[in-house]
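Understanding the architecture of this molecule
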Amino acid sequence: MIQGRTDLALELQEELQESEIDGIKIERKVDKNCGISQVKIVVETKEAEQIIGKPMGEYITLESETFLEEDDSYYEDMSEALHFVLRDFIKEEDRVLIVGLGNDKVTPDALGPLVVENIFITRHLKQYDLIKEDTIEMSGLVPGVMAQTGMEVVEIVRGVVKEAKPTKVVVIDALCARNSSRLNKTIQISNTGISPGSGVGNHRKAMNEETIGVPVIAIGVPTVISVPSIVRDSMEAIFKVVKESGGTSFTEIFTEEEKYQLAREVVDPGLVDMFVTPKNIDEAVRRISFTISEAINRYIPLSK
């Protein structure tokens, strides 16, 4: 299993030594009109699950260098692309519970709560016949974090699922990346659920169909990166210059695991477990949360 801290299946796959592995299928495509790239990774076997370190299922990654451009209309392209992916997992006849994971008092971790804040909730409206009968039923939940409630998030969600009886749960969470170029520019969608806090070493109980009782779709965006990962990125850049000057490349000397461990060795012990986020995180999280909520709101007709 690959070591190092990342929640992205794409990064785990990229760092495998073999280009092809039995039990892992990869599909890539790029929308030439808007430049959004999509990579679909399917983990099909238990053996592949052990190799890549992710549960069996589908992982779709959407990326764009222009995701955070100041053009307020650009979010529409990413929102449409995300909605198109979600259509493979969520149908109009589903009853959907949107769960915003994270701490709304900590900006890099506030993505989930902000998404729920912008969702058009319809469950109560359908009960009073105030919207179209065939409108998808949406309900929302912001369960907070254990430090605020004293409870595991999965316990809270499981109780709500028991009462509200949704057919699908969609969880939104901030993730950890290993490559700084992916911060706030990547959206990962999976049908395998989520383990809150796993990327930053704060493991909580997994939230999936087995623990919740209904299928769990996870949507995540990397907003933080560990200090050793930043050091490793810097080392990569240095050795790239060395190679261009006729030296030996970093890639040829070390495996991905060795690179990460080397970076940990050169980092001050007090910084090894530190995570950082870009200085524009406030604006980035606001724009990304709106993009995700609009992708989900596309299921809702504008009028009765």
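Residues numbered from 1 in each chain as written. Predicted model: local features only at pLDDT ≥ 70, side-chain atom pairs only at ≥ 80, totals over all residues. Heavy atoms only, no water.

The next point concerns the environment of Ser64. If you trace the backbone, Ser64 turns up in the loop between strand E3 (57-63) and helix H3 (75-86). In the structure, Ser64 is positioned 34 residues away from Val30 in sequence and 9.8 Å away in space, judged by C-alpha atoms. (Helix = DSSP H or I, 4+ residues; strand = E, 2+ residues; numbered from the N terminus.)

This part is about unusual backbone geometry. Among all residues except glycine, the phi angle is most often negative; among peptide bonds, the trans geometry is most common. A positive phi is found at Lys165, a non-glycine position, where the angle reads about 55°. Within the secondary structure, Lys165 sits in the loop between helix H7 (153-164) and strand E6 (168-177). Even without being glycine, Asn184 reaches a positive phi, approximately 60°. Checked against the element boundaries, Asn184 lands in the loop between E6 and strand E7 (186-190).

The subject of this paragraph is the nonpolar core. Here is a general trend for soluble globular proteins: nonpolar side chains tend to be buried in one another's company. One finds Leu86, Ile98, Leu111, Ile172, Ile187, Ile189 and Ile292 to be the most contacted residues of the largest nonpolar core, which totals 36 residues. By residue number, the principal contributor to this core is helix H12 (residues 281-297), which donates six residues. Residue contacts for Ile172: discarding those within four places in its chain leaves Ile98, Val99, Gly100, Leu101, Leu111, Gly112, Val115, Ile219, Ile292 and Ile296. Of all hydrophobic cores here, the second largest spans 22 residues; its members include Val171, Ile194, Val214 and Ile225. (Core = buried A, V, L, I, M, F, W, Y, C linked by side-chain atoms within 4.5 Å. Buried < 20%, exposed > 50% of the residue type's maximum accessible area, 1.4 Å probe, protein only. Contact = heavy atoms within 4.5 Å.)

Another point: the pattern of salt bridges. Per the counting criterion, the structure on display carries 10 salt bridges. Residues Arg182 and Glu11 are paired through a salt bridge, measuring 3.5 Å at the closest nitrogen-oxygen approach. Taken together, the residues span a long stretch of sequence, with Arg182 in the loop between E6 and E7 and Glu11 in helix H1 (residues 9-14) at a distance of 171 residues. Across the pair, Glu11 and Arg182 agree in class, each one buried. Put simply, Lys105 and Asp104 hold a salt bridge, and the shortest N to O gap is 3.3 Å. (Salt bridge = Lys/Arg side-chain N within 4 Å of Asp/Glu carboxyl O.)

Here we take up the pairing of E3. Within E3, six of the seven residues are buried, which leaves the element mostly enclosed by the surrounding structure. Sheet topology places strand E2 (residues 37-43) next to E3; seven bridges connect them, and they run antiparallel. What sits directly across from Gln38, in E3, is Leu62. Alignment of E3 against E7, held across five bridges, turns out to be antiparallel. Residue pairing for E7: Thr61 is matched across the bridge by Gln188. (Pairing = 2+ DSSP bridges.)

So, about the pairing of strand E1 (residues 24-30). Summarising the sheet, E1 and E2 pair through seven bridges and their orientation is antiparallel. Note on E2: the bridge partner recorded for Lys25 is Val42. Remark: six residues form the turn of the hairpin made by E1 and E2, two consecutive strands paired antiparallel; Gly35 in that turn has positive phi of roughly 80°.

Moving on to a negative patch on the surface. Taken together, Asp31, Glu76, Asp77 and Glu80 make up a surface patch of like negative charges. Note that Asp31 resides in the loop between E1 and E2. (Patch = residues over 30% accessible without salt bridge, like charges linked within 9 Å, V, L, I, M, F, W, Y side chains within 5 Å. Areas by Shrake-Rupley, 256 points an atom, 1.4 Å probe, with all protein chains shown as cover. Lys, Arg positive; Asp, Glu negative; His and termini not counted. Charge placed at Lys NZ, Arg CZ, Asp CG, Glu CD.)

Taken as a whole and assessed by the stated rule, the structure comprises one aromatic pair. Relative to Phe290, the ring of Tyr75 lies with its centre 4.9 Å away and its plane at 65°, an arrangement referred to as edge-to-face. Highlighted residues: Tyr75 in helix H3 and Phe290 in helix H12, separated in sequence by 215 residues. When its relative accessible area of 31% is taken as the criterion, Phe290 is described as partly exposed. (Phe/Tyr/Trp six-rings, centres within 6.5 Å; stacked < 30°, edge-to-face > 60°.)

Tracing the backbone shows Thr122 in the loop between helix H4 (111-117) and helix H5 (123-127). In contact with Thr122, other than residues within four places in its own chain, are Ile131, Thr135, Ile136, Glu137, Met138 and Ile300.

Look at H7: 16 Å from first C-alpha to last across 12 residues, which is about the 16 Å you get at 1.5 Å a residue. Taken residue by residue, H7 has Val153, Val154, Ile156, Val157, Val161 and Ala164 as its buried positions. Along H7, the residues classed as buried sweep out an arc of 160° about the axis, all on the same side. Turned more than 90 degrees away from the buried face of H7 sit Lys162 and Glu163, all of them exposed. Where H7 terminates, the next one or two residues include Lys165, which has phi positive at roughly 55°. (Expected span 1.5 Å × (residues − 1). Arc of directions from axis to C-beta.)

Time to look at the packing of H3 against H12. One way to put it is that H3 packs onto H12 with a least axis distance of 8 Å and a crossing angle of 50°. As judged from the angle between their axes, H3 and H12 are oblique. Crossing of H3 over H12 shows right-handed handedness. Across the interface between the two elements, Tyr75, Met78, Ser79, Leu82, His83 and Leu86 from H3 touch Phe290, Thr291, Ile292, Glu294, Ala295 and Ile296 from H12. A breakdown of the residues in the contact of H3 with H12 according to their chemical character gives eight nonpolar, three polar and one charged. (Axes fitted to C-alpha atoms, helices over the stretch in contact; angles between N-to-C directions. Parallel < 35°, antiparallel > 145°, perpendicular 65-115°, else oblique. Left-handed = near helix turned anticlockwise from the far one by under 90°. Nonpolar A, V, L, I, M, F, W, Y, C, P; charged D, E, K, R; others polar.)

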